[in-house]
Amino acid sequence: MMKIRLSKKNIPFLILIFFGIVVFSMGLLNHYLFRTVAHDYGNYNFAFWDYSHFRISPLTSFRGNFLQDHFSFTLMYFIPVFWLLNWITHTYTLIIIQQSFVLIAAWYSYKLVRLKSDNLWLGAGVIFYYFILLGRYTAFSADVNLAIISACFIPIFIYYFKTKKYILSLIILILSLFSRENIPIWFIFIFVVLLIDHRKEKKAVLISITGIIVSVVYFILLFKVFIPSIETPGISYQLFNYAALGKTPGDAILFILNHPVESVKLFFVNHLNNPAFDGIKAEFYWVYLISGGFILLLRPKYIIWFIPIVAQKVLNDLPSRWGIVSYYSIEVVTLLPLSVFLTLASIRSKVLQNSLVIIICIATIATTIYKMDKQNLKVPSKMNASKVKIYDKAFYKTPFDVKKVNQLLKQIPPEAKVSASNILLPHLAQRQHIYFFPNVNDADYIIFSVFDNNYLFNNNHDENIRNMYFSDPNWKIIAKEFPVFLLKHGNSAITSEISNSLWNHSDTLSCDYERFDTDDQHQLLSKIEIKETKKFLTSEKSRSEINSIKLTPENKYSTRIKVKNVKPEDHVQIDVWCLCKEEKDGHVVGDYGKDFHFHTSESDSIDSAGWAKYSLSFWIPKKHDPSDCSIFFFNSGTEPAYFDDLQIIVRSNLSINQ
């Protein structure tokens with residue numbers, strides 16, 4: 001009987017294979033389960049397809065083309081991969097490319113550590129550590145991003161530099177510089193570290209100094225010549241958001257030179273003077289200090305090459321970039337394994353090396369798991385847990401029947417012009433004409449999920465636009481897999497306004513606060529709800545007859561009303577009239593369960609007496625207990641607000657035109 005022996009030499013390979021399966025599974029599943037979004041992954045897929053067809057076109061959810069978002073040629077590097085693989089992998093191609101680069105960077109980190117140490121456990125440890133850092137997983141919130149790919153060039157460059165393969169290192173340097181506009185600044189500091197490391201090697205010193213000069217010159221040309229040359233008139237480069245330093249990179253450099261103490265202080269304080277953002281920067285530092293960063297105190301030179309990538313995080317005007325969520329730590333977690341384990345390799349005792357590897361990895365795993373729980377984050381709303389926690393059952397939940405929706409997508413011809421909603425657009429973006437719904441333009445098809453909103457607008461706006469196309473005689477619903485609807489441009493017999501003719505069944509329930517239920521078939525308010533509502537009744541103001549309900553700053557919330565007789569896939573519309581000092585003071589809220597919450601504070605119309613009509617509509621999901629559906633009103637103003645003439649319309653079974 002043949003025995004299979006596991007050699008210690010194979011351990012680094014096995015670790016790489018294991019985590020390769022993890023990161024590929026996460027990337028591919030997030031896309032398959034419709035968790036990728038129009039911005040960024042939809043834009044990336046469109047740009048990749050566009051470049052591969054030798055075009056540079058405006059993006060669907062951005063004000064210009066892809067180069068105007070980031071001055072990067074990275075996607076162009078992979079045009080041969082598009083023609084080699086894309087006919088099989090389709091919109092998954094970029095995920096495969098990115099995760100392959102992540103694995104390659106991990107392997108080169110291993111090779112670098114092995115250059116400095118014959119301790120196999122240091123080599124195995126650096127791969128393991130590389131894949132347990134928190135930022136490796138929070139980056140999945142961004143699907144595919146240039147920052148993730150461009151950071152992967154750095155360990156490859158350093159390896160070829162340190163092995164004196166300078167031609168290969170020059171090629172990687174050029175690819176890196178052209179990969180993202182922040183890379184030149186990063187390379188200035190990388191070359192400083194290499195200069196310190198190889199200060200006794202004349203050739204390496206000369207190349208390092210040349211690299212610094214090249215990086216500085218390219219950075220100047222980038223912002224003075226290249227980026228301005230591709231700007232659309234009236235639309236300037238928007239990604240330099242460092243108001244505390246100045247309006248331009250040049251201003252920032254002058255500020256740092258003239259105010260060094262203040263500049264250092266900005267690394268640690270909340271410079272936006274909003275107490276809500278206190279502690280975000282501290283959270284970032286503590287997470288990565290505990291996750292092995294403390295070991296760099298033994299070799300402070302490695303801190304140098306973190307300065308620009310940390311600065312671009314914590315000095316930015318957007319506090320969401322300061323912390324530990326999304327991909328905003330990806331450069332740190334790509335270079336930190338190399339820095340930590342090169343430091344460990346400089347320790348003479350192997351016992352101490354191995355002990356520190358164990359301590360660092362345990363601390364890192366504990367920190368990563370702890371911070372993946374939203375309740376332990378400084379800004380919980382910025383963590384998309386369903387995309388980053390592969391060990392959580394929520395990661396495997398689907399928003400609808402994925403297989404059936406994929407079949408529905410196949411009904412759209414590859415050459416068709418399409419308008420698609422947020423989570424559907426990335427699956428359809430590889431075509432010449434793709435629009436981000438509700439932007440329709442000259443589309444032949446519209447496809448959206450009724451729970452999938454354009455992030456630029458609120459739900460009520462998106463819902464009104466969807467209803468408009470449902471009722472437009474030039475569009476017909478040709479297929480649906482709730483909550484996804486596919487519409488095709490063409491004549492139909494649908495009426496010009498959304499009405500009951502679109503639906504197989506409709507119920508209307510009303511309350512004018514004189515009689516609490518004006519529908520003979522169904523009861524709108526229960527006895528308890530009527531009793532609770534009566535305490536808000538007033539005859540001070542009324543739109544019809546005598547009474548309305550009055551909400552004051554002291555009693556700002558109305559009775560919560562259960563909406564009965566609703567079923568999964570029903571459409572609920574709430575109309576109510578409000579009289580208040582400011583339009584935004586009146587609010588209508590609908591919800592069911594803890595996951596679905598809809599709200600509006602915008603009126604549709606105002607009558608001659610000054611009463612404003614608020615309308616809120618939403619759909620009931622398939623997998624949902626309809627008894628959870630309820631509505632209420634509230635007043636956020638400093639003066640009383642009056643609500644009257646409530647109407648709830650429940651519609652069922654939207655017709656499909658064959």
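Here, every reference points to the structure presented above.
Reading guide: rules and limits
Residues numbered from 1 in each chain as written. Predicted model: local features only at pLDDT ≥ 70, side-chain atom pairs only at ≥ 80, totals over all residues. Heavy atoms only, no water. Salt bridge = Lys/Arg side-chain N within 4 Å of Asp/Glu carboxyl O. Helix = DSSP H or I, 4+ residues; strand = E, 2+ residues; numbered from the N terminus. Buried < 20%, exposed > 50% of the residue type's maximum accessible area, 1.4 Å probe, protein only. Axes fitted to C-alpha atoms, helices over the stretch in contact; angles between N-to-C directions. Parallel < 35°, antiparallel > 145°, perpendicular 65-115°, else oblique. Left-handed = near helix turned anticlockwise from the far one by under 90°. Contact = heavy atoms within 4.5 Å. Polar contact = N/O pair within 3.5 Å; in protein donor to acceptor, adjacent residues only side chain to side chain.

1. A short note on the pattern of salt bridges
- Tallying each qualifying case throughout the model produces 19 salt bridges.
- For Asp197, the salt bridge identified is with Lys162, shortest N-O distance 3.1 Å. Here the residue Asp197 occupies a position in helix 11 (residues 183-197), and Lys162 occupies one in helix 9 (residues 146-162), the gap between them amounting to 35 residues.
- As a salt-bridge pair, Lys584 and Glu602 come within 3.3 Å of each other at their nearest N and O atoms. Of this pair, Lys584 sits in the loop between strand 10 (571-579) and strand 11 (586-592) while Glu602 sits in the loop between strand 12 (596-600) and strand 13 (603-606), and the two are 18 residues apart along the sequence.
- A relative accessible area of 46% means that Lys584 is categorised as partly exposed.
- You can call Glu602 partly exposed: its relative accessible area is 36%.

2. Some thoughts on the packing of helix 6 (residues 93-116) against helix 7 (residues 120-130)
- Here helix 6 crosses helix 7 at 155°, and the two axes come no closer than 9 Å. Viewed along their axes, helix 6 and helix 7 adopt a mutual orientation that is roughly antiparallel. The crossing of helix 6 and helix 7 is right-handed. Each of Val102, Ala105, Ala106, Trp107, Ser109, Tyr110, Val113 and Arg114 in helix 6 lies in contact with helix 7, whose residues at this interface are Leu120, Leu122, Gly123, Ala124, Val126, Ile127 and Tyr130.

3. Examining the environment of Glu569
- Assignment of secondary structure puts Glu569 in the loop between strand 9 (561-562) and strand 10.
- Sequence separation between Glu569 and Trp619 is 50 residues, and the spatial gap between their C-alpha atoms is 6.2 Å.
- Not counting residues up to four positions away in its chain, the partners in contact with Glu569 are Lys480, Phe482, Trp619, Ile620, Pro621 and Lys622.
- Polar side-chain contacts of Glu569 include one of 3.4 Å to the side chain of Lys480.

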